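# Examination of the molecular architecture
Chain by chain, the residues run as shown.
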Amino acid sequence: MALASAAGREDDGFIGTMKVFCGRANPTTGSVEWLEEDEHYDYHQEIARSSYADMLHDKDRNVKYYQGIRAAVRRVKERGELAIVLDIGTGTGLLSMMAVSAGADFCYAIEVFKPMADAAVKIVEKNGFSDKIKIINKHSTEVSVGPDGDMQCYANILVTELFDTELIGEGALPSYEHAHKNLVEENCEAVPHKATVYAQLVESRRMWSWNKLFPIHIQAGDAKRVIVAPSEMENCPGAPSVYDIQLNQVPWSDFTVLSNVLTMFSVDFSKPVNSSPTYHTVQFEPLVSGRAQVVLSWWDIDMDPEGKIKCSMAPYWVHSDPQNIQWRDHWMQCVYFLPNEEPVVQGESLYLTAHRDDYCVWYNLHKTSPRIEKSKSNFHGERPVCECQAHLLWNRPRFGELNDQSRTEQYTQALKKVLKADSVCLCISDGSLLPILAHCVGAEQVFTVENSAVSHRLMKKIFKANHLEDKISIIEKRPELLTSADLGDRKISVLLGEPFFTTSLLPWHNLYFWYARTAVTEHLANNITVLPQAASLHMVVVEFKDLWRIRSPCGSCEGFDVHIMDDMIKHSLDFREAGEAEPHPLWEYSSRCLSEPQRLLTFDFLKPVPQQPLSVKGSITLKRPGRSHGVVLWMEYHLTAESSISTGLIQMTEAQGECSWNPHCKQAVYFLNSTLEAKTQDSPQTVTYALEFNPKVGDISMDFRLIN
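Rules behind the numbers
Residues numbered from 1 in each chain as written. Predicted model: local features only at pLDDT ≥ 70, side-chain atom pairs only at ≥ 80, totals over all residues. Heavy atoms only, no water. Pairing = 2+ DSSP bridges. Helix = DSSP H or I, 4+ residues; strand = E, 2+ residues; numbered from the N terminus. Axes fitted to C-alpha atoms, helices over the stretch in contact; angles between N-to-C directions. Salt bridge = Lys/Arg side-chain N within 4 Å of Asp/Glu carboxyl O. Buried < 20%, exposed > 50% of the residue type's maximum accessible area, 1.4 Å probe, protein only. Contact = heavy atoms within 4.5 Å.

So, about the sheet that holds strand β24 (residues 492-496). Spatially, β23-β22-β21-β24-β25 is the arrangement adopted by the five strands of the open sheet, whose pairing is parallel. Looking along the sheet, the strands with just one partner apiece sit at the ends: β23 (472-475) and β25 (524-531). On average, adjacent strands in this sheet sit at an angle of 25 degrees to one another, irrespective of strand direction. The pairing of strand β21 (residues 424-428) with β24 spans three bridges and is parallel. Each residue of the ladder has a partner; that of C425, found in β24, is V494.

Quick look at the structure:
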């Protein structure tokens, strides 16, 4: 919800602007806050978090596009025709400028995002192409052709970059379909000319743990208890969305290849494209016996009809040049989960089917041809939909976290130290298995608060599957609405939390547990035990191998001046992101620690949230030479005095500082302003820091500066 008010007057020398009051749920405090934002807030967020910088730094992509465009223009010219280009989703106008530089006579460049279209006009003008490039600020499906239309004539070269990691997830197929029907000539040239999607069947316990809940083993005294998932969860086809990750960071030891690389389907962009749902099946024989669980997928694009100019997303184990793979974050690789794991036998004939609609892809494995199975009920032509609620509540890393047996054991051991036979426990976390652990370890009574109907239904199913529906009481309320009657008029002696909340984006957002603890103070016994008893915020200065590129200015791209785009991104970052960190799963991005990790702030859960801010200032000297790209921040939860769980740094080598990160959590990255200028320094450097936790809003303001 948003309310607007006018602000600024033209006679003050300012352009009239509008202030917008935006209602947002605060992930840390749990309250809804009304914030006054500039009317361009959403635009700045879009630019600040965009992949434009990453794409401009993608040398392989840019060079291949330029080569493909030159070849297409040359083919048209050799036919004695004018080269008229249609560039859909022009962004910075880069591909249009390439086309004109390659000899195109005119280019129509379509960009639906107005701030981006305005920037493209300026970039094109600065590079001297305004007379041959027309920026059209519309969706391509709204563009008209004719004497009075947006385009004076049909194009004979179609240039696009409408692809995501899944190839079709940004609506490439409907856009191509419309363009061929309404905007380009028959038999037009297309850059790229063709895309091909590949798949490989694998067995991987690690990847499968991102999709299913494994049996959880709990050792309580002499008894051993196994917690199982409900059958509904076991048989659920899972979430419909692809899991896109940097497969090049997954070690070879984490999976077993069950098939050769299979060519699933291709799309010829130079011919009419049909976006209607369809499927493609490939017959194959497994290389080894095993359990088929996961389909790994990627694509490549041919920029020319001969397939000589190719841009590939292939991972390292099948890449033609694994030592020189272009790093990119805007196109990664896909992980698809089969509806159920299937035993496969080496040499037996199987069929892998890739289904697609206009925006997404999913896979099924069959032992007989889908042509036979299509008439049967077990042919899954419809997009998979979660039926068990778990995939709606838990994302893929959360599944992995719950399946981490060593983590479960750490919580179990901590519970054994704090629980007594007469303990009355209250758990506050979203969809947590802690209540089960508490019951198994021996708590007399266990309550769990579930904020949503989805988490309530899911936990009810899990408790029932393990015959615990009468042992653990679920309360579907916000903590501040809890009453004594909800707790059977008993005082809570042990308050539990992982903590984990689905609304958390940054590590400290899970401090919502502290606010919930404060809200239920009246229901706590005087000698309350809280697990975790405290949390602490930590930092380390890092050098990224590649991640720095997403926030680094480009300057010049293939000879074209894109400083205007750099300035636009910087302005948007300064507008909202200055002094803020952003979440990234750092296990996917190679990095080195240049400093020792340092504790910054401590949050005492044994006491309510304080009224006064918590602050810290200081400096940290870098131990290792390198490029200081940013500061990584994470939380550590102190379950007991002897046991802590880190959501960030797990291991660091002493010599080079190579670091391992918790794979189940996103860490917070604060990019230093000197990212572009960061150079390897042999002399010691210092990073100063100043942080303040504001208890009223539950946020942490921060400032880090690199001092030479």
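Moving on to the sheet that holds strand β7 (residues 155-160). Spatial strand order, β6-β5-β4-β7-β8: five strands in an open sheet with parallel pairing. At either margin of the open sheet sits one strand with a lone partner, and together these are β6 (133-136) and β8 (184-191). Adjacent strand axes in the sheet meet at a mean angle of 25 degrees when their direction is disregarded. As paired strands, strand β5 (residues 106-110) and β6 are joined by four bridges and run parallel to one another. Bridge pairing links I110 to I136 in β6.

The next subject is the pattern of salt bridges. Summed over the entire model, instances satisfying the criterion amount to 34 salt bridges. Residues D60 and R328 are paired through a salt bridge, measuring 3.0 Å at the closest nitrogen-oxygen approach. With a gap of 268 residues between them, D60 in helix α3 (residues 59-78) and R328 in the loop between β17 (310-312) and β18 (333-344) connect regions that are remote in the sequence. The two residues D60 and R328 agree in class, both being buried. Of the charged contacts, one joins K138 and D150 as a salt bridge, the two residues approaching to 2.9 Å between their closest N and O atoms. Taken together, the residues K138 in the loop between β6 and β7 and D150 in the loop between β6 and β7 connect sequence positions twelve residues apart.

Position of L393 among the secondary structure elements: in helix α10 (residues 390-393). You can call L393 buried: its relative accessible area is 10%. In the structure, L393 is positioned 65 residues away from L458 in sequence and 8.4 Å away in space, judged by C-alpha atoms. Non-local contacts of L393, meaning those with residues more than four positions away in its chain, are made with G431, V454, S455, L458 and T502.

Here we come to unusual backbone geometry. Of note, the amide linkage connecting E498 to P499 takes the cis form, showing an omega dihedral of -10 degrees. Note that P499 resides in the loop between β24 and α15 (512-519). The linkage connecting L531 with the following residue, P532, adopts the cis geometry, with an omega of 5 degrees. Note that P532 resides in the loop between β25 and β26 (534-544). Here Q389, not a glycine, exhibits a phi torsion of approximately 80 degrees, which is positive. Within the secondary structure, Q389 sits in the loop between α9 (370-373) and α10. On the basis of relative accessible area, Q389 is assigned to the buried category, the value being 14%. Of note, D489 is a non-glycine position whose phi angle comes to about 60 degrees, a positive value. With respect to the helices and strands, the residue D489 is situated in the loop between β23 and β24. On the basis of relative accessible area, D489 is assigned to the exposed category, the value being 64%.

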